[in-house]
Amino acid sequence: QKKQHVLTKAMIQSIMTAILFADTFVTVACGIPRTARGDKILAGLSGQNSGIPSVTITPLYLVGVLLVSVGAYARTLCFNELGRFFTFDLALRDKHELVTTGPYAIVRHPAYPSRFVVLLGISICAFGPGSWWKETGQGNTPVGKLVFTAWTATVARDIVVLMGIMIPREE
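Residues numbered from 1 in each chain as written. Predicted model: local features only at pLDDT ≥ 70, side-chain atom pairs only at ≥ 80, totals over all residues. Heavy atoms only, no water.

## Regarding the packing of helix α4 (residues 111-127) against helix α6 (residues 142-170)
Taken N-terminus to C-terminus, the directions of α4 and α6 make an angle of 175°; their axes are 11 Å apart at the nearest point. Put simply, α4 runs roughly antiparallel to α6. Where α4 abuts α6, its residues Tyr 112, Arg 115, Phe 116, Leu 119, Ile 122, Ser 123 and Phe 127 lie against Val 147, Phe 148, Trp 151, Val 155, Asp 158, Ile 159, Leu 162, Met 163, Met 166, Ile 167 and Glu 170. Looking at the contact of α4 with α6 residue by residue, the class counts come to 14 nonpolar, one polar and three charged. (Axes fitted to C-alpha atoms, helices over the stretch in contact; angles between N-to-C directions. Helix = DSSP H or I, 4+ residues; strand = E, 2+ residues; numbered from the N terminus. Parallel < 35°, antiparallel > 145°, perpendicular 65-115°, else oblique. Contact = heavy atoms within 4.5 Å. Nonpolar A, V, L, I, M, F, W, Y, C, P; charged D, E, K, R; others polar.)

As structure tokens, then:
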């Protein structure tokens, strides 16, 4: 039963990741010089027959990209600093030691706030002004509302699990 739960979680995460990558692709495609053929493709992707949506790369979108980049880099530093002690599951290794170097010299659990920075950046890019989701009206459709609800639930679950369960267990 645990494997089935992991597969379901992995499938949901894969779907969400695909949607977010598609949104990023369309946003970038709309921000570069356009051709008539490209406009037809983008109009088809947006479900709008009369022209393409006003998807643009806004300063806020660039802030989101920066947040994702910085957060992902910080998480990578954390994982590298943990070395052989790194695992996504709570586990003690042979001759386990508390890591207090690198990012762990500054913050007790640096990978967790870094994750929240990544999630905030993704949220800004995917759902903010100028995004495909917002500008095409996808957020007002039943599927769009479902995607936003699933994303919000995923972020809320991460907050509860990391802050309420993982950190106390690790301590």
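## Quick word on the nonpolar core
Core analysis: the biggest nonpolar cluster contains seven residues, these being Leu 119, Ala 126, Phe 127, Trp 133, Val 147, Trp 151 and Val 155. Looking at this core, the elements with two or more residues in it are α4 and α6. Dropping the residues within four chain positions of it, Phe 127 is found in contact with Trp 133, Lys 134, Val 147, Phe 148 and Trp 151. In terms of nonpolar packing, the next biggest core, distinct from the first, is built from five residues, Cys 78, Leu 82, Tyr 104 and Ala 111 among them. (Core = buried A, V, L, I, M, F, W, Y, C linked by side-chain atoms within 4.5 Å. Buried < 20%, exposed > 50% of the residue type's maximum accessible area, 1.4 Å probe, protein only.)

## Describing the packing of aromatic side chains
Taken as a whole and judged by the stated rule, the model has two aromatic pairs. Centre to centre, the rings of Phe 127 and Phe 148 are 5.1 Å apart; their planes meet at 85°, and the pair counts as edge-to-face. Of this pair, Phe 127 sits in helix α4 while Phe 148 sits in helix α6, placing them 21 residues apart in sequence. The class for Phe 127 is buried, based on a relative accessible area of 10%. Considering the side-chain rings of Phe 127 and Trp 151, the 6.5 Å spacing of their centres and the 45° angle between planes classify their relative orientation as tilted. With a gap of 24 residues between them, Phe 127 in helix α4 and Trp 151 in helix α6 connect regions that are remote in the sequence. We classify Trp 151 as buried; its relative accessible area is 6%. Through successive ring pairs, a cluster of aromatic residues spans Phe 127, Phe 148 and Trp 151. (Phe/Tyr/Trp six-rings, centres within 6.5 Å; stacked < 30°, edge-to-face > 60°.)

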